[in-house]
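Close look at the chain arrangement
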Amino acid sequence: MWFFARDPVRDFPFELIPEPPEGGLPGPWALHRGRKKATGSPVSIFVYDVKPGAEEQTQVAKAAFKRLKTLRHPNILAYIDGLETEKCLHVVTEAVTPLGIYLKARVEAGGLKELEISWGLHQIVKALSFLVNDCSLIHNNVCMAAVFVDRAGEWKLGGLDYMYSAQGNGGGPPRKGIPELEQYDPPELADSSGRVVREKWSADMWRLGCLIWEVFNGPLPRAAALRNPGKIPKSLVPHYCELVGANPKVRPNPARFLQNCRAPGGFMSNRFVETNLFLEEIQIKEPAEKQKFFQELSKSLDAFPEDFCRHKVLPQLLTAFEFGNAGAVVLTPLFKVGKFLSAEEYQQKIIPVVVKMFSSTDRAMRIRLLQQMEQFIQYLDEPTVNTQIFPHVVHGFLDTNPAIREQTVKSMLLLAPKLNEANLNVELMKHFARLQAKDEQGPIRCNTTVCLGKVGSYLSASTRHRVLTSAFSRATKDPFAPSRVAGVLGFAATHNLYSMNDCAHKILPVLCGLTVDPEKSVRDQAFKAIRSFLSKLESVSEDPTQLEEVEKDVHAASSPGMGGAAASWAGWAVTGVSSLTSKLIRSHPTTAPTETNIPQRPTPEDHWETQEEDKDTAEDSSAADRWDDEDWGSLEQEAESVLAQQDDWSTGGQVSRASQVSNSDHKSSKSPESNWSSWEAEGSWEQGWQEPSSQEPPPDGTRLASEYNWGGSESSDKGDPFATLSARPSTQPRPDSWGEDNWEGLETDSRQVKAELARKKREERRREMEAKRAERKVAKGPMKLGARKLD
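What you are looking at is a predicted structure, and each value in this text was computed from that prediction instead of being measured.

What counts as what
- Residues numbered from 1 in each chain as written.
- Predicted model: local features only at pLDDT ≥ 70, side-chain atom pairs only at ≥ 80, totals over all residues.
- Heavy atoms only, no water.
- Helix = DSSP H or I, 4+ residues; strand = E, 2+ residues; numbered from the N terminus.
- Buried < 20%, exposed > 50% of the residue type's maximum accessible area, 1.4 Å probe, protein only.
- Patch = residues over 30% accessible without salt bridge, like charges linked within 9 Å, V, L, I, M, F, W, Y side chains within 5 Å.
- Areas by Shrake-Rupley, 256 points an atom, 1.4 Å probe, with all protein chains shown as cover.
- Salt bridge = Lys/Arg side-chain N within 4 Å of Asp/Glu carboxyl O.
- Lys, Arg positive; Asp, Glu negative; His and termini not counted.
- Charge placed at Lys NZ, Arg CZ, Asp CG, Glu CD.
- pLDDT = per-residue confidence, 0-100.
- Contact = heavy atoms within 4.5 Å.
- Pairing = 2+ DSSP bridges.
- Axes fitted to C-alpha atoms, helices over the stretch in contact; angles between N-to-C directions.

Moving on, we get to the overall build of the chain. Scanning the chain from N- to C-terminus turns up 31 helices and ten strands. Counting over 791 residues, the chain shows a buried share of 50%.

Structure follows, in C-alpha cells:
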C-alpha cells in the first residue's frame, strides 16, 4: 500500500492570483492579491519564504504571525486565516492596499481630500491608543509601509513584526536591520546612557509624526526635514509639532492627541469623522438619534468619497432598514448612494430592498418611493414590476390621502412601459376611470387625464379605441377648468391614434361644444385643437391617398413614436401638475366641487384631516421633491385667466392671444404635421398650471368658474354672454363609458337631478318627523305619575 503526502498549500482554502506581488513593503514579507477558492471573494495574502541562514528574521515573521492572529480591533489589519510550513508562511487578511500605493493612485485620480486623511489618521491613532493604553504594547514600526487601506477607504494598522511589551516582558525591542525602517526611529534611541526620560508611547508618537509628514509631503528624505511642516494643514501643525519635539516627555498620549485634534476647529473636527464615529456606534444609538442621523446624512454624501459611500454607508443603510426599523428616512440616502453602484450591484443590493419597501403600509415610505421612482425604475424588470410592485402600488389609487393618490397617478408614467397586457389595459384603466369620474379633488382628476394622454401610446389598439375618446370627452365636461383643458390637450397629444371618422363624428363635436366654455383658456385650446383637426381632415379630403399614412398608428399594436413623446412629457406631468395639486390640496384640503353641482362624497372614519395632510405634504415635499423648479410659461397665465380675469368675447382676448389666433389661421394652410408640430412648439403640453396668487384681488365683475350656471334652472344676477350658451339640456345622454365597465359619468345635469331628488327625500322625511312630534304633543292630557298608558 502506498501513502502519498498531502500538500498543505494545495489544500489551503485560499489561492494566490497569478500576478507580481504589490510593492511598497520593505522587509521579508511579500503582499499578493488572492481569493477564496469556494466563493471567489477577494483577500490579501502576505507570504514569507523561509530562507536558510535567516533564523532571526524567521522568528520575527512567526512572532508577527502570532500577534496578528491574536489582536482583534477595528483599526488593526483583520486576520482571516494562515498557513505555516517549513518553507513558507501564509497570512490571509481582508483585501487591502499599501497606503503608499493608495495615495499615489489617488493623486493620479485628482488628489486625496483632507476629510479622508483626517479620518485615516484618526483610525491609526486610535489603533495606537488601543495598543499602548489597553494592551501595553509598543508597535515600534509605525510608518507608511505599516498602514494599509481597505476597499471602503478605511486605514488599517499592520506591520506587527517588531512589536514588544511595554512592561519589559520578553526582553527589549527586536533588532530591525532594515535601513528603510530605522530612519523613523526617534533621536533618543541613539542615546545608550538611558538618562533620557520618556513615556512608553513616546517612540510611537514620533513615528506617527513622520507618518503625518509623509502623507502630506511624500517620502521622508531625512529626519531634519521634519522641522518644515510643508503641506501639513494649519489646523494640524500645532499638534504635529508636539509629536516631533526633541523632548520625548512632552509627546502626547495617543488618546490625548485625538482629543486635541477633535476640539472645535481642529483637524479631525468635521462632518466626515462625526459620521464615521456614529456609524461605528450605530447599534447602541437610540431610535430618535438614528432618525435624525439618516435625515441629515443625505446632505453630506456629496462631499464623501465614493468608496466610503458604497462599502460603509450602504451596508449600514441596508442593515438599518432590515433590522433597525429605520423606515422612510433611509430612502433618500439609499438612492443617493445607489448612483455609485453598477447595474449588477444595484440589482443585487438595492432592488430587493425596494421591492420589500413597496409592501410596507407606512404612508411616508410609500409616497417617497413613488416620488423617487425615476431613480430606480430602469433597474426593475417587467416580471418584478407586474408581480411584486404593481399590485402594491395600485392600493394608492384607493388611499384616503390625496397626496398618495396623486403620486400614484404620476408613477404610472414610469411603470406603464413595463406593465403587461392585463395590468395596463384592464386593471389600470379601471382605476383611471374611477378616479376621473369619482375623485373629489379636481387636480387629481386633471392629473389622471394628463397621465392617460401620456400612457395612451402603450395601450393596445382595442383599448385605445374604447377608452381614449370617451375619457377625454368626459374630461371636457369636468367642473374643474384645468381638467377640461387637459381633455382638449389629451385629444391633441394623441391625434395620430384616431381614425378620420372618429375625428369628424366624435372629437370635433365635443371640441365645438367647448368653444362657448365660460373659461377663456378652455376656449383658446379648443379653437386651437379644432383648427388642427380640421386641417388634418381637409388635407385627407384634398388628397385621399394620404388616408393610409395618416391612420397608420390607429390600428398599430403600439406607437413607438408616441412612446418617446410620452417619455419626454413625463417630467412636465410629474412636475407641473404636482405643483398645482399639492398647492390646491394644501390650500383647500377638503374642498369638493360642490359649488358646481357635484355633490360632496361622505368622508369615511379614517379619512385624512387637514392638519395631518399638511404635515404629510410638508414632510413629503422635503425629500427629493423638485416639482416647483421649472418655469411653466404661458399656461400659468392661462390658469390665472381662468380664475382671475373677466371673460368677454369683445374685450377678453389679450394682444398675445389675438396674435396666436391670427398665427393659427395663417398656419392652417400648412400640412397637418406642421400644425401638430407648431402646437407642440407653442408649449401646450410642455407646461403646467399653478395656483393663482391669492394676494391680487380679481377685477370688478370677474366671474369665477364656480359662479357660472352649469346647467341649473336659476339664472345669474348679472348678464353673462355664456350663461345661456353653457346651459346643457337635462335630456342630454350620458357619454360613453370606458368600455364594458359601467363607470359613473361626470355630467352636471345627471348629478343635479340626483342631488335634487336627495334633497326632496330629506325634506319629506323632515316633514314626517315634525308631524309625528306634533301628534305626540297633542296627546290626551298629562298622565299621572305611575299611570299605565293603555293605547
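Where like charges cluster on the molecular surface, the positive patch consists of Lys772, Arg773, Arg776 and Lys777. As for its placement among the helices and strands, Arg773 is situated in helix α31 (residues 748-777).

This next bit is on the confidence of the model for the chain. For the chain, the average pLDDT comes to 75, and 70% of its residues sit at 70 or higher. At the low end of the mean pLDDT range in the chain sits helix α27 (residues 634-644), at 38; at the high end sits strand β9 (residues 155-157), at 95. Every residue in residues 1-5 is under pLDDT 50, and counting partners more than four places away or in other chains gives zero contacts. Counting contacts from residues 739-748, a segment whose pLDDT is below 50, to residues more than four positions away or on other chains yields 34 contacts.

Here the focus is the pattern of salt bridges. Side chains bearing opposite charge may pair, as long as their charged atoms lie close to each other. A full pass over the atoms with the stated rule returns 27 salt bridges. Between Asp439 and Arg405 there is a salt bridge, with the nearest N and O atoms lying 2.7 Å from each other. Of the two residues, Asp439 sits in the loop between α18 (421-438) and α19 (442-455) while Arg405 sits in helix α17 (residues 402-415), which places them 34 residues apart along the sequence. We note that Asp439, like Arg405, is buried. A single salt-bridge network, built from bridges that share partners, covers Glu763, Arg766, Arg767 and Glu770.

In this section: the sheet that holds strand β8 (residues 147-150). Pairing within the open sheet is antiparallel, and its three strands lie in the order β6-β8-β9. The sheet is open, and its two edges are formed by β6 (96-98) and β9, each paired on a single side. With strand direction ignored, the average angle separating the axes of adjacent strands in the sheet is 40°. Of the pairings in the sheet, the one linking β8 to β9 comprises three bridges and is antiparallel in character. Counterpart to Val149 in the pairing with β9 is Trp155.

For helix α16 (residues 382-393), the set of buried residues is Thr384, Val385, Asn386, Ile389, Phe390 and Val393. Of the surrounding elements, those touching the buried residues of α16 are α14 (351-358), α15 (363-371), α17 and α18.

Next up on the list: the pairing of strand β5 (residues 88-94). Across the seven residues that make up β5, a large majority, seven, are buried. Judged from the five bridges that link them, strand β4 (residues 79-84) and β5 form a sheet pairing that is antiparallel. Following the sheet pairing, Leu83 is matched in β5 by His90. Hairpin connection from β4 to β5: three residues lie between these consecutive antiparallel strands.

To continue, consider the pairing of strand β3 (residues 42-49). Most of β3 sits inside the fold, with six of its eight residues counted as buried. In the sheet, strand β2 (residues 30-36) pairs with β3 via six bridges, with the strands oriented antiparallel. Paired with Arg33 across the bridge in β3 is Ser44. Here β3 runs beside β5; their pairing, made up of seven bridges, is antiparallel. Among the inter-strand pairings, Phe46 is bridged to a residue of β5, identified as Val91.

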